[in-house]
Every structure is written in C-alpha cells, then in structure tokens.
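What the coordinates show
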Amino acid sequence: MAFFARASPSQAIRRLKDQSQFLNRLLCSCGWQNRSIATAVDDAKASVHSSVESGGKKRINLCSAINDALYIALDSDPRSYVFGEDVGFGGVFRCTTGLADTFGKHRVFNTPLCEQGIVGFGIGLAAMGNRAVAEIQFADYIFPAFDQIVNEAAKFRYRSGNLFNCGGLTIRTPYGAVGHGALYHSQSPEAYFCHVPGLKVVIPRSPTQAKGLLLAAIRDPNPVIFFEPKWLYRLSVEDVPEGDYTLPLSQAEVIREGGDITLVGWGAQLAIMEEACVEASKEGISCELIDLRTLLPWDKEIVEASVNKTGRLLVSHEAPITGGFGAEIAASITERCFLRLESPVARVCGLDTPFPLVFEPFYMPTKNKILDAIKASVNF
Amino acid sequence: MGWPRSIVGALQRLNQRGLAERGDLFLSISREYTLQRSVPGERHGYILRSFGANAYRSEAQERKSSIPVEIPVPYQLHKLSEGPPQHTQTTQDELMKYYRDMALIRRMEITADILFKSQQIRGFCHLYDGQEAVAVGLVEALTDDDSIITAYRDHGLYLARGGTLFECFSELMGKRTGCSGGKGGSMHLYNVKKRFYGGWGIVGTSAPLGAGLSFAHKYLNKKSVAVAIYGDGAANQGQIYEAKNLAALWDLPLILLVENNHFGMGTAEWRASKQITFYDRVHYIPGLKIDGMDVFAVREAICYAKEHCMSGKGPIVVECDTYRYHGHSMSDPGSTYRTHDEIKGIRQERDPINHVRKLILKEGFATADDLKSMDKEIRKEVEEAAAKAKEAPQPAKDALFAHIYKNDAALQFHGFVR
C-alpha cells in the first residue's frame, strides 16, 4: 500500500498498533470482553508524549494549532496539498496563513468557487496516492459536494475491491454556531456524513486535540471529514506540544471522571457541557464527560463501559435533535446497556428548526438545558 | 388580456399619433411592446421597449421634454448580430428619479455599514454600494410581471424593487417588522407583490431557480421574463451550467444577469476563472457585456434582452461590468486584495450616481445645491427609517417554530428529550 511504503518506522509501528487496536475493538464489539477504559486513556496519553521529540509547548489558539498541523503535514510529505477557496492568503479564518509562502503556490493554492469540483478534484488527487487536504469554507457550503463525498469518496475502495482508494483525502471545514452566523454560517452537518460507511468524521475540542487529530486524519488511509468548531478558533487557547504528534482516531476520551451520569459530546459543545457538569457537582451530582473525538467510527466501548458504571447517559450536540448523531448513540447504548440503564437516554440538542437568526439563544443547547436534563435523569 | 388584434392595432396607431387618451386602457396595452421610436437625425432601427405602469408617458410628451443620452462604452456581443442602441432618450423626471433611487440605495448601504459596526446589525452584511446602476436600470426596464432572483447582495435590488427602507432595516436588525419577519436577515429580503424572489445565501443558487421561474413565466403567457442574477465568483459553480443548459434546451425566457464586480470575495476574477468574460461562456446562449455603472446601458440592455427572450429565442446572458466599493461583506475590509487607489479611481471615473448627476447639471434640470439638498433629504429619510427600525420589537417567541412546514400548528417540536 502506497502509504505504508512512505511511512517512517515509528509511524509504521504506530499504524500497526492502531490496526491491532482496531482488531481488538472489532472483537470486542462481537462480544469479546478483553478491554478496559484505562487502556484507551493510557494509550491516548502515551501517543502524545512518546511521539513528541522536543518537549516544548507553545500557548496557541485553535486556528494556530491547525495551521501548525498543516505545516507539519506539508513538511513531512512532499506529496501533500492544501487547497480550497481563499486558502492562499490564509483563509477566512487564517488557518492557512503562511503555508503558500513556505511551500509554494503549486502545493497550497486557491480554487474557484465550486465545492463539488473541489471535492471531486481532491478525490482524483488522492486516488493517485497524494494527500489532498481540501478546505470547504463553511460546513454550510458542503452540500454541493455531498454527492462526491457520499457516492465517490466513501465507496471508491469498496467498489473497486481495494484496487483503488482515495484514502489521502481529508476535508477540513469550520462548523457550528458562532453567535451571529444565522442560517448559512452556523450549521452542524456531521450527522449526514456519519450515515456513510467508508468515511471517517473527526471533531476536535481544543488546540492540542485539533493538531493531533488533524495530523492523524491526514495520515489516515481513509477519507476523513474534519469538522473544526469555528467558535473556538480564537477562543480556545492551550499549551500545545510543538513537535509532530498524532492522536488516535476512533478513540473517545474521558475528560472528566464521575459516577452518577455519563455525558457524551464533541467539539465546542463540550465546553458548555463542562460548565453544566461543574454546576451539577455543586448539587452533588458527579458527572462523567466523554469527548467522542471521532464520530464515525465511534468508540462504543468507552461509552458503554462508562454507562455500565453510571447507569445514565446524556448526549448533547448543536445540530437539530431529530436524526442527529445523538440518536445513534442513544440507540446503540440502549441496545448494549438496557438492563443497566436507570433512566432513559437524554438528548439535549438544537431545536428542530433551521438555524435561526435572532433566535439563536433559544435554539442552542445551553448549559441550563443540559443541567435540567441531568437533574431530570438523576431524579428519574 | 384578451383584446382582439385589430383593436390593439388600432389603438397602437392612435397612440403613435399622440391622440390616445391616457388611462388604464392605454396602460394595459402599453405593457405590450407598442412604442417605436427613432433617434432624431440618425437612421436607426426599431427599438422595442416595454413600460411598466410607472414609466408610462405619451410619446408626444416625451418628444417635447426628452433629451438624447449617449451610452459611451460599446457593447460586446456574443452570437448576436446587433446589440442594443448606443443612444437612448431620457427626461428630467427620469433623471431625477434615477438619481434619487441610486442615492437612496447608496445612503442605505452607508447607514447599514455604520449600524453593523455599532453592532445593531449582526451576522453577515453584504453591501451593494457602487452597483446601484444595475439595480435601478434593471427594475426600470422590467414590469411588475417579471421576476427577479438574486444572491446575497440584495439590499439594493430590494429597495429598487419596491421595498421600503423601514422593512429593510428591520430585517437587517432581525426585527418583527422586517420584510421576512426578522427571520432571514440581510441575505434574505423578499417582496412577493413585485415578484422579487430575493436573496439566497448559497452561491449559484439563483440560476437554476431562475430557470424554474422562467419556465413558469412561459406558461403564464404574459410576455414576462425571469432575471437570475449571480456574480463572477458564482460563475464557476456547476449549477450555473446546468441552468444554462435547461434554459437553452427549453427556450426559456431567462435573462442571466452577471454582476461582474471582478472579485469573488477576495479572489480576483483572473485567479478564479480560466475565461474572465462571462457573457460568452456558453456558445449556445448569446450574451452581451455592458458597462454596469451606466444606468442607461443597463436599461437598454435589459430591454433588448427581454425582447430577445419574448421573441422565443430562449435565454440570454447580460454581463454588467460593475464594482463594489465595500469589501465582500462587513468582515472583509476590501483592501487586502485591491488597492485603495483602484477603489478611489473607480469612484472618480465611473461612479453611477456621478454619471447621472453630471447629466442633470449639464442639462440644467437642477443645480448642485438642489442635488445637495436632495441628498440631505435622502439622508434624513434613511436615518429616520433606521431609527424607527431600531425601536421595533424582535419577533415573537413562537416565530421560532413558525413556518417550518405549512400547517405546522399540530407538529410538536422539542429541544431535548428527558
């Protein structure tokens, strides 16, 4: 396989480890009980520390972390390309600043305004063994490309019997509410893509996560859609390791331990959920908060193990509740943990309306809505 | 309408002799292509013009007070043997109306800029100043039976197509009194009565939608067209070509108006397009390129284009070479991809309002002081409307769930499940 041939030894070893973990998880999902949460968390931490050569950290925000990750991706593989609308001067959110100057306009370039063309072009580029990092300017504009993503990118390897693939394709796009985006600058379309076997959907919550997950996504031999929470671009600031590191895909992370209720979320919503957890703890409810990180394929084991511990589950996302990804999590966990559940799975999500203009505060799944749902679940 | 041809013909001849009574009868006939005129002193062809009710004048009166106007920039034609005329007629009333309309749009956009910067308007705001001639010229050439559909830079067109300042500002601020009830915002201004199908957020949408509108117009048999407006950035979207093929295949009365302001957000047209002209993109659809900063050029071109569509020849592309002074939206300063000198130069050389102002002053229809006081009046009007809109209430809470579906009272909407 082309990617393995070019990988460094440590990368190859890590990839084998990922694959064996995947096998492990596959066996788990068929009923083999030989994993624990501790392994997953330790592995995650281990891969961050072990792969960072220099110990340095820099305090940067989310868009700088993404810029850093793109820099490393372009630097480490001469056959990688970053393209999209207006990426040349840095992009509308400045995530691609300086890349064109460093790597040249033949590797970091603007495309015309044609999302379907951009993604189709990326699929072709990836089919020839390149790493194509396409940017869709706002997730709301991804729909002209929906056909290419769902019908071509996701199914290429499958329908060619592994003769061809477009695994080098990564689509990065800012998603989610930003406070004033209204209908066409605030959508969260992750659920549509989670319905497509063959794709991976990855959503980071912070700069450290974003850099590691983006590098993992770019190097993953499958087409990945990387949703970046635009609200956190400037807002989320962290000490991010300076070197080249990846975080494992399809591994959720427990970011807050607790015993009464499990909360599952991703992206910008986790910050809101964390506030709700803090408020709930003042009332004596101890909440366990899990960041899914990868929505497709998602880490069922971690969530299942957590719900087996707490007996309650709450899922929260910005997208409208009906048909949102929370529904998939609710259904899967109910299947797996039915007898353990103490209360119905709660979903605190956006309302079933188009993303509104002035009504955004009513639409959003706020801290108070989550807190109400936590209390209702605990007192069921 | 149902008038027998013989009667219509007789009345047309009466009209030409200037003897017909002005009135509803005449107005309804004048909506057809009735007026023929030629530029005095020149051998000129047959010019067809359609008048809306508000642009009607008897020919006798026009001959008395009309002045000739040059359209200096020559038209560029694609698959057309003859273009619109390079001269036209206008009157004092018309000139003052164009000046007022364009100055109103200009002042509205400047006020919207200030309101956005003071956070009264939130979200995204795409300003139209610099492109006023396209909106005013377009609306002048069309009737109330024609449909217009555009993209997100729709404030100017909304105002030109009969929208009020108060409703426009209210919508921008998300208030209940807005034209869309405060639910759409800057990019979603609509006017049902005047067939302004509005403001669409996704780039390129207007073309296939316009094709659908024009198909309906063809069925209505009312000598009306649909005008689909998009920009130079949108011209590379796939759906534009799909729409063009549909319209040409079925001979739809569709005018595709390209507002070429040379920048697709921050990307110049030569960086986005292999071919930087937009009127000759498709060989089977004729097109013309005009000076979009000249309101008379726009008017003549649209009249010509409408005639083209009405004679069953199918769609036509009209590319307007225009310019926007502001950036793409309020988040774009507009100076990172073009120089201040360029913007200043266009303001000095090609500003649409200045063009009309020069004509007015040259013909002595008004003095500079008159125009200044008109500007002041317009400014006052706009600021009053903005102030009134600021005081208006926000939409009621139940508006959040309203109009998702038709007859949606019985549907239950929920935010979270316990």
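Keep in mind it's a predicted model, so treat the numbers as computed, not measured.

**Structural notes on the overall build of chain A**
Of regular secondary structure, chain A possesses 16 helices and 14 strands. Of all 380 residues assigned to chain A, the portion counted as buried reaches 61%. Counted over contacts in chain A with a minimum sequence separation of 6, partners at least 24 positions apart contribute 82%. Accessible area for chain A stands at about 14,500 Å²; split by element, carbon and sulfur atoms hold 57% of it.

**Comments concerning the interface of chain B and chain A**
Residue-level contacts link 38 residues of chain B with 37 residues of chain A. Note on chain B versus chain A: buried area summed over both sides is about 3,000 Å², and carbon and sulfur give 69% of it. Summed over the shared surface of chain B and chain A, the number is zero salt bridges. Summed over the shared surface of chain B and chain A, the result is three residue pairs in polar contact (both at pLDDT 80 or more). Of the residues contributing to the side of chain B that touches chain A, the split by class is 17 nonpolar, 16 polar and five charged.

**Overview of the confidence of the model for chain A**
The predicted model of chain A averages 89 in pLDDT, with 86% of residues at 70 or higher. Between residues 1-5 of chain A, whose pLDDT stays under 50, and residues either more than four places distant or in other chains, the model counts nine contacts.

**Concerning the side chain of Gln237 of chain B**
Here Gln237 of chain B is to be found in the loop between β5 (226-231) and α9 (238-249). Look at Gln237 of chain B and you get buried, because its relative accessible area is 4%. Within the structure, Gln237 of chain B has its side chain in polar contact with the backbone oxygen of Leu113 of chain A (distance 3.0 Å). The residues touching Gln237 of chain B, leaving out its near neighbours within four places in the chain, are Leu113, Cys114 and Glu115 of chain A together with Val203 and Gly204 of chain B.

**Concerning the sheet that holds strand β10 (residues 316-321) of chain B**
Residues and elements named next belong to chain B. Strands sit in the order β2-β9-β10-β6-β5-β4 across an open sheet of six strands; the sheet is mixed. The open sheet has two edge strands, β2 (76-78) and β4 (147-149), and neither has a second partner. Between one strand axis and the next, the sheet turns through 20° on average, direction left out of account. Across three bridges, β2 lies against strand β9 (residues 287-291) in antiparallel orientation. Paired with Leu77 across the two strands is Leu288, which belongs to β9. Strands β6 (254-260), β9 and β10 of the sheet are contacted by helix α11 (residues 295-313), whose axis makes an angle of about 165° with β9.

**Some words on the state of the cysteines**
Residue and element names in this part refer to chain A. Applying the stated criterion across every chain yields a total of zero disulfides over all chains. Sulfur of Cys166: no disulfide; nearest cysteine sulfur belongs to Cys194 and is 17 Å away. Its sulfur unpaired, Cys287 is 4.2 Å from the next cysteine sulfur, which belongs to Cys277. Judged by relative accessible area, which is 2%, Cys287 ranks as buried.

**A few points about the pattern of salt bridges**
All names here are of chain B. A complete count under the given rule lists 35 salt bridges over all chains for this structure. Salt-bridge contacts for Arg299 lead to Glu94; the nearest nitrogen and oxygen are separated by 2.7 Å. Here the residue Arg299 occupies a position in helix α11, and Glu94 occupies one in helix α4 (residues 92-117), the gap between them amounting to 205 residues. Glu94 matches Arg299 in its accessibility class, with the two residues each being buried.

**Notes on a nonpolar patch on the surface**
All names here are of chain B. Taken together, the side chains of Phe215, Tyr219, Leu246, Leu249 and Trp250 make up a nonpolar region of the molecular surface, amounting to roughly 550 Å² of accessible area. Contributing elements (two or more residues each) for the nonpolar patch: α8 (206-220) and α9. Among the secondary structure elements, Leu246 is positioned in helix α9. Residue classification places Leu246 among the partly exposed positions, given a relative accessible area of 31%.

**Some details on the pairing of strand β10 (residues 261-265) of chain A**
Residue and element names in this part refer to chain A. Counting buried positions along β10 yields five of five residues, so the element is predominantly enclosed. With burial as the criterion, each face of β10 is covered, one bearing Ile261, Leu263 and Gly265 and the other bearing Thr262 and Val264. Where β10 and strand β11 (residues 287-291) come together, five bridges link them in parallel fashion. In the sheet register, Gly265 faces β11, and the bridge partner there is Asp291. The pairing of β10 with strand β13 (residues 313-320) spans three bridges and is parallel. For Leu263, the partnering residue across the bridge sits in β13 and is Leu314.

**As for empty space enclosed by the protein**
Tallied over the entire structure, the rule returns six cavities of 30 Å³ or more. A volume near 80 Å³ is recorded for the largest cavity. What lines the largest cavity is a set of 13 residues, among which Ala182 and Leu357 of chain A together with Gly123, Phe124 and Ser186 of chain B lie closest to the centre.

**Let's talk about the domain arrangement of chain A**
Residue and element names in this part refer to chain A. Looking at the assigned domains, one finds that chain A contains domain 1 (2-241) and domain 2 (253-378). With 34 residues of domain 1 in contact, the opposing surface of domain 2 contributes 31 residues. Summing both sides of the interface, domain 1 and domain 2 together bury roughly 2,500 Å²; the carbon and sulfur share of this comes to 64%. Inspection of the region where domain 1 meets domain 2 yields two salt bridges. Taken together, the links from domain 1 to domain 2 amount to 10 residue pairs in polar contact (both at pLDDT 80 or more). Looking at the side of domain 1 that touches domain 2, the elements with two or more residues in it are α2 (9-29), α3 (37-51), α9 (190-193), β6 (200-202) and α10 (207-219). Each residue belonging to the side of domain 1 that touches domain 2 can be placed in one class, and the counts come to 22 nonpolar, eight polar and four charged.

The rules behind these values
- Residues numbered from 1 in each chain as written.
- Chains lettered and ligands numbered in written order.
- Predicted model: local features only at pLDDT ≥ 70, side-chain atom pairs only at ≥ 80, totals over all residues.
- Heavy atoms only, no water.
- Helix = DSSP H or I, 4+ residues; strand = E, 2+ residues; numbered from the N terminus.
- Buried < 20%, exposed > 50% of the residue type's maximum accessible area, 1.4 Å probe, protein only.
- Contact = heavy atoms within 4.5 Å.
- Areas by Shrake-Rupley, 256 points an atom, 1.4 Å probe, with all protein chains shown as cover.
- Buried area = accessible area lost by both parts, 1.4 Å probe.
- Salt bridge = Lys/Arg side-chain N within 4 Å of Asp/Glu carboxyl O.
- Polar contact = N/O pair within 3.5 Å; in protein donor to acceptor, adjacent residues only side chain to side chain.
- Nonpolar A, V, L, I, M, F, W, Y, C, P; charged D, E, K, R; others polar.
- pLDDT = per-residue confidence, 0-100.
- Pairing = 2+ DSSP bridges.
- Axes fitted to C-alpha atoms, helices over the stretch in contact; angles between N-to-C directions.
- Disulfide = S-S within 2.5 Å.
- Patch = residues over 30% accessible without salt bridge, like charges linked within 9 Å, V, L, I, M, F, W, Y side chains within 5 Å.
- 1 Å grid on protein atoms, 1.4 Å probe; cavity = no way out; pocket = protein on both sides within 12 Å on 5 of 7 lines; lining within 4 Å.
- Points joined across faces, edges and corners; volume = space filled by probe spheres on them.
- Domains from an automatic or database assignment.

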